[in-house]
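A structural walkthrough
As a plain string of letters, each chain reads:
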Amino acid sequence: MAKTEDNNEKKVFPYCRKISFPFSVNVRFPGDLDYIPAVRKFVSELLQVSNFSSKFAYRSEIIVDEICNNAVAYGCRTDDAQIELVNSIFDDRIEFTIRDQGGTKDNLRRLKTAVKTDADGKKEQTQQGLGLEIVRMLSERLDVVIDEENLTSVHVVRKREDDREELRPSN
Amino acid sequence: MTTQRMEIDIQEVPGAEGVAILHFSGDLISESVRRINECFSAVGKKGKTYAIVDMTEVSLISSAALGEFMGCRKRLIEQHGDLVFSGLDLEMRTKLNLMGATKIFRIYTDIRTALNSYKWEIERQPEKIHVSFPPYLKIVPPLRQLVSRIARQKGYGNRDSFRIETIVDEICNNAVEHGKPGADDLIDLSVIIDPDKIEIDVRNMSDPDKVASLTALLLPENAEVDKLKPDVKRGRGLTLIKMLSDKLSVECTDRGTSVRVKKVREE
């Protein structure tokens, strides 16, 4: 019955195409904290319409919040700085890439230290905030690329696993 | 216990003529009040009406010094400016909160955020948001919510935000419906917002089969409200946008379609 309704809908509205993976949604916004609540909610809703669970969406929202806050706080030097968030959505995962103009040398050094892991995959003990640690706990992969002009790009991969052991300790 | 001598460094901001950044350091005790006053008088003589007080290096602030800041703020507000704080640590912020100062002064995390606020409120500089997305109808509801939330966050009222949301919904739905299908042909949504108005621009690749019918639809004689047929259930989108906005322009060519809407803030 549901299938017939679906077919009828497609006849009336042929543009109601089913989402096919992978696809990508890019958001570019000013480097201002004001924008982060709206952006994190947008990513959460985007995941939910892509058939990810609300739990997955909520935890991804936390990742977005952390990486966007870091980008605004440490990756914006000029008044007109913009942040670009690329959401690449696959049927089994979401990948976030956030790009900013890069912060001061001190900020970059702190970022590198916060991301650095030793050969066993364990994080070095630092006095940094818990932001990236939370991101690491909620994701499968976290990489940072800093180019020659200090442009910083943080890449996070989070896999769809409804029964995964969430919030496992990182070491 | 010895007190640290208060130091003040005044910095001008290129490109923001009315702004002065005052870097304070040390202890702001009652003996500092006279110097604070002199400093703000000097700032005022230079024609600066918006003072950002950087408290990153301040270790103590007395109630007398806070009172002096309140007096200075009052003078700046009379000249349509303001005095705001930035760079307060958690301890200092808690103390100001206990003194009730957070109800009077606006406090920003850093100088850049304070400057952004100045540029938004006083210079009324626009800010730009850009989203590119594949032509799937299901993505439109999160998008309309995104723009509506941003409008609310930026101080727009509920009615304005809802109308903006409706406009975004209509033009994005049209872009999905009439644009070129295929996930590779992304739709671009640009939003330029300032305290007085919002401009929305949606661009998509045109579906070659629909260009002629779309161009005919856009002719002025077909867009009048009284030409709408009551028995036809669809095709009211652009008319609705016209009613809700202040300016609407549509450009449809073989290469792409661009819909631009301007909505002036009402509340």
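Counting of residues starts from 1 at the beginning of each chain's written sequence and follows it residue by residue. Written order determines the labels here, with chains lettered from A and ligands numbered from 1. Local features are withheld for residues below a pLDDT of 70 in this predicted model, meaning they are given only at 70 or higher, and side-chain atom pairs are given and counted only at 80 or more; totals for whole chains, interfaces and linings count all residues. Excluded from the side-chain calculation are hydrogens and water; included are all heavy atoms of the structure.

The interface is formed by 34 residues belonging to chain A together with 32 residues belonging to chain B. Buried area: the accessible area, evaluated with a 1.4 Å probe, that two parts lose upon being put together, summed over both parts. Approximately 3000 Å² of surface area, both sides summed, lies buried where chain A meets chain B, with 56% of it carried by carbon and sulfur atoms. Just to be clear on terms, a salt bridge is a Lys or Arg side-chain nitrogen sitting within 4 Å of an Asp or Glu carboxyl oxygen. Linking chain A with chain B are three salt bridges, by the criterion used here. Under the rule applied, a polar contact is a pair of N or O atoms within 3.5 Å (in protein, one hydrogen donor and one hydrogen acceptor; residues adjacent in sequence only if both atoms are side-chain atoms). Across the contact surface, chain A and chain B share 11 residue pairs in polar contact (both at pLDDT 80 or more). Where the side of chain A that touches chain B is concerned, the elements lending two or more residues are β1 (23-30) and α2 (36-49) of chain A. Helix numbers and strand numbers start at the N terminus; a helix is a DSSP run of H or I with at least 4 residues, a strand a run of E with at least 2. For the side of chain A that touches chain B, the leading source of residues is β1 of chain A, giving eight residues. Split into classes, the residues belonging to the side of chain A that touches chain B amount to 19 nonpolar, six polar and nine charged. Here, strands pair whenever DSSP counts at least two bridges between them. Where β1 of chain A and strand β6 (residues 127-133) of chain B come together, three bridges link them in antiparallel fashion. For N26 of chain A, the partnering residue across the bridge sits in β6 of chain B and is S132 of chain B. The contact criterion used throughout is that any non-hydrogen atoms of two residues lie within 4.5 Å. Amino acids outside the nonpolar list (Ala, Val, Leu, Ile, Met, Phe, Trp, Tyr, Cys, Pro) and the charged list (Asp, Glu, Lys, Arg) are all regarded as polar, and Gly is one of them.

Turning our attention to the domain arrangement of chain B. Note that the domain bounds reflect an automated or database-derived domain assignment. Its domain assignment divides chain B into domain 1 (7-121) and domain 2 (127-264). Between the C-alpha centres of domain 1 of chain B and domain 2 of chain B there is a distance of 43 Å.

To continue, consider the environment of D254 of chain B. All names here are of chain B. When you line up the elements, D254 lands in the loop between β9 (247-252) and β10 (257-264). C-alpha of D254 to C-alpha of D184: the two residues are 70 residues apart in sequence and 17 Å apart in space. Every residue in contact with D254, bar those within four places of it in the chain, is listed here: S206 and V211.

Note that soluble globular proteins tend to have their nonpolar side chains buried in a common cluster. One finds F133 and L189 of chain B to be the most contacted residues of the largest nonpolar core, which totals 68 residues. Considering every element that reaches this core, the biggest residue donor is helix α3 (residues 54-74) of chain A, with eight residues. Not counting residues within four places of it along the chain, the set of residues in contact with L189 of chain B comprises I129, H130, V131, F133, L143, V147, V168, I200, D201 and V202 of chain B. We define the nonpolar core as a collection of buried residues of types Ala, Val, Leu, Ile, Met, Phe, Trp, Tyr and Cys that are connected through side-chain atoms lying within 4.5 Å of one another. Only protein chains enter the calculation, and the probe is 1.4 Å; a residue is then buried if its accessible area is under 20% of its type maximum, exposed if over 50%, and partly exposed in between.

Once that is clear, we can look at the sheet that holds β1 of chain A. One key point about sheets: their strands pair by backbone hydrogen bonds, in either a parallel or an antiparallel sense. Spatial ordering of the open sheet is given by β4(A)-β5(A)-β3(A)-β2(A)-β1(A)-β6(B)-β7(B)-β8(B)-β10(B)-β9(B), a layout of 10 strands whose pairing is antiparallel. Strands with a single pairing partner mark the edges of an open sheet, and in this sheet they are β4 (141-146) of chain A together with β9 of chain B. Strand after strand, the sheet turns through a mean of 10 degrees between neighbouring axes, direction not considered. To define axes, lines are fitted to C-alpha atoms, for helices over the stretch in contact only, and angles between the resulting N-to-C directions are given on a 0 to 180 degree scale. Strands β6, β7 (187-193), β8 (197-204) and β10 of chain B of the sheet are contacted by helix α6 (residues 158-178) of chain B, whose axis makes an angle of about 10 degrees with β8 of chain B.

A word on the environment of Y74 of chain A. By the element assignment, Y74 of chain A lies in helix α3. Relative accessible area serves as the criterion here: at 36%, Y74 of chain A is assigned to the partly exposed category.

Moving on, we get to helix α4 (residues 111-121) of chain B. Counting buried residues along α4 of chain B, nine of its 11 residues qualify, which places the element largely inside the surrounding structure. Here α4 of chain B has its buried residues at R112, T113, A114, L115, N116, S117, Y118, K119 and W120 of chain B.

Our next topic: the confidence of the model for chain A. Overall, the prediction assigns chain A a mean pLDDT of 81, with 75% of residues at 70 or greater. Confidence per residue, as judged by the predictor, is encoded in pLDDT with a range of 0 to 100. Across residues 163-171 of chain A the pLDDT falls below 50, and counting only partners more than four positions away or on other chains, this stretch makes 20 contacts in the model.

It is worth spelling out the pairing of β6 of chain B at this point. Residues and elements named next belong to chain B. Within β6, six of the seven residues are buried, leaving the element largely enclosed by the surrounding structure. Of the strand pairs in this sheet, β6 and β7 are connected by seven bridges, and their pairing is antiparallel. The residue of β7 that forms the bridge with K128 is I192.

Time to look at the pattern of salt bridges. All names here are of chain B. Under the criterion given, the structure shown has 30 salt bridges over all chains. One salt bridge in this structure joins E121 and R106, with 2.7 Å as the shortest N-O distance. Taken as a pair, E121 in helix α4 and R106 in strand β5 (residues 106-108) lie far apart in primary sequence, 15 residues in all. Put simply, R159, D160, R163, K263 and E266 are held in one network by salt bridges that share partners.

What follows deals with the sheet that holds strand β2 (residues 19-28) of chain B. All names here are of chain B. With respect to topology, five strands assemble into an open sheet ordered β1-β2-β3-β4-β5, the strand pairing being mixed. The open sheet has two edge strands, β1 (7-12) and β5, and neither has a second partner. Strand-to-strand twist of the sheet, defined as the mean angle between neighbouring strand axes without regard to direction, takes the value 25 degrees. Taken together, the three bridges between strand β4 (residues 82-86) and β5 define a ladder with parallel strand orientation. Across the sheet, the residue bridging to F85 is I107, located in β5. Strands in contact with helix α2 (residues 63-78) are β2, β3 (50-61) and β4; relative to β4, the strand with the most contacts, it is inclined by about 135 degrees.

It is worth spelling out the packing of aromatic side chains at this point. Residue and element names in this part refer to chain B. Paired rings are identified among Phe, Tyr and Trp, the last through its six-membered ring, by centres lying within 6.5 Å, and are further divided according to the angle between planes into stacked (under 30 degrees), edge-to-face (over 60) and tilted (the rest). Enumeration according to the criterion identifies eight aromatic pairs over all chains in this entry. Between the aromatic rings of Y50 and Y118, the centroid separation amounts to 4.7 Å while the plane-to-plane angle is 55 degrees, which identifies the pairing as tilted. Residue Y50 is found in strand β3, and its partner Y118 is found in helix α4; the two are separated by 68 residues along the sequence. Since its relative accessible area comes to 5%, Y118 is described here as buried. Ring geometry for F85 against F105: centres 4.6 Å apart, planes inclined by 40 degrees, an arrangement best described as tilted. Residue F85 is located in strand β4, and its partner F105 is located in the loop between α3 (90-98) and β5; the two are separated by 20 residues in the primary sequence. Side by side, F85 and F105 carry an identical accessibility label, which is buried. Of the aromatic side chains, those joined through ring pairs into one cluster are F24, F40, F69, F85 and F105.

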